[in-house]
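For reference, the chains in residue letters:
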Amino acid sequence: KKYGDKAFGNQWTFQQDNAPAHKDDLTQEWCKNNMPNFIDRPHWPANSPDLNPLDYSIWDEFVQQMNWDKIKSKTTLMEELKRAVKRIRIEIVLESCASWTNRLYRLSKNNGDYLH
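Residues numbered from 1 in each chain as written. Predicted model: local features only at pLDDT ≥ 70, side-chain atom pairs only at ≥ 80, totals over all residues. Heavy atoms only, no water.

Asks: Honestly, a nonpolar patch on the surface in this entry has me stumped. Any pointers?
Replies: Where nonpolar side chains cluster on the molecular surface, the patch consists of Tyr3, Ile90 and Leu94 and spans about 290 Å² of accessible area. Here Ile90 is to be found in helix 6 (residues 90-98). Assessed through its relative accessible area of 44%, Ile90 is described here as partly exposed. (Patch = residues over 30% accessible without salt bridge, like charges linked within 9 Å, V, L, I, M, F, W, Y side chains within 5 Å. Areas by Shrake-Rupley, 256 points an atom, 1.4 Å probe, with all protein chains shown as cover. Salt bridge = Lys/Arg side-chain N within 4 Å of Asp/Glu carboxyl O. Helix = DSSP H or I, 4+ residues; strand = E, 2+ residues; numbered from the N terminus. Buried < 20%, exposed > 50% of the residue type's maximum accessible area, 1.4 Å probe, protein only.)

Asks: What should I look at first to understand the pattern of salt bridges in this one?
Replies: It is possible for side chains bearing opposite charge to pair when their charged atoms get close. Throughout the structure, instances matching the rule amount to five salt bridges. For Asp5, the salt bridge is made with Lys1, and the minimal N-O distance between the two is 2.6 Å. Arg89 is the partner of Glu61 in a salt bridge, and the nearest nitrogen-oxygen pair spans 2.7 Å. Here Glu61, found in helix 4 (residues 53-65), pairs with Arg89, found in the loop between helix 5 (74-87) and helix 6; they are 28 residues apart in sequence, far enough to count as distant. The buried category is assigned to Glu61, whose relative accessible area is 4%. Ionic contacts of the salt-bridge type, sharing partners, join the residues Glu80, Arg83 and Arg87 into one network.

So this is what it looks like as structure tokens:
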């Protein structure tokens, strides 16, 4: 929430991914009361990579930012993961979010099927 507010002000939507923690009634209520826009569990398409910026954009950027040569142990893996997250380019995040509305529209026209 803090990042969303800082990056987008009041113009963002929390993505429901049907993780058990997100489906909990208390969590749903908190999101409804605290997020500027929230699509609740009954209205969010389950398991939809087409609507998940992590799946269609951010993971690729994250992997590209990793320095795989530095990873020699679990400790160095954790350190590199933390460094790579900080190197994700903001323009990639913004482009990913900007395409979300178009993806939602195309998915609705495709009866909720994957866009391929």
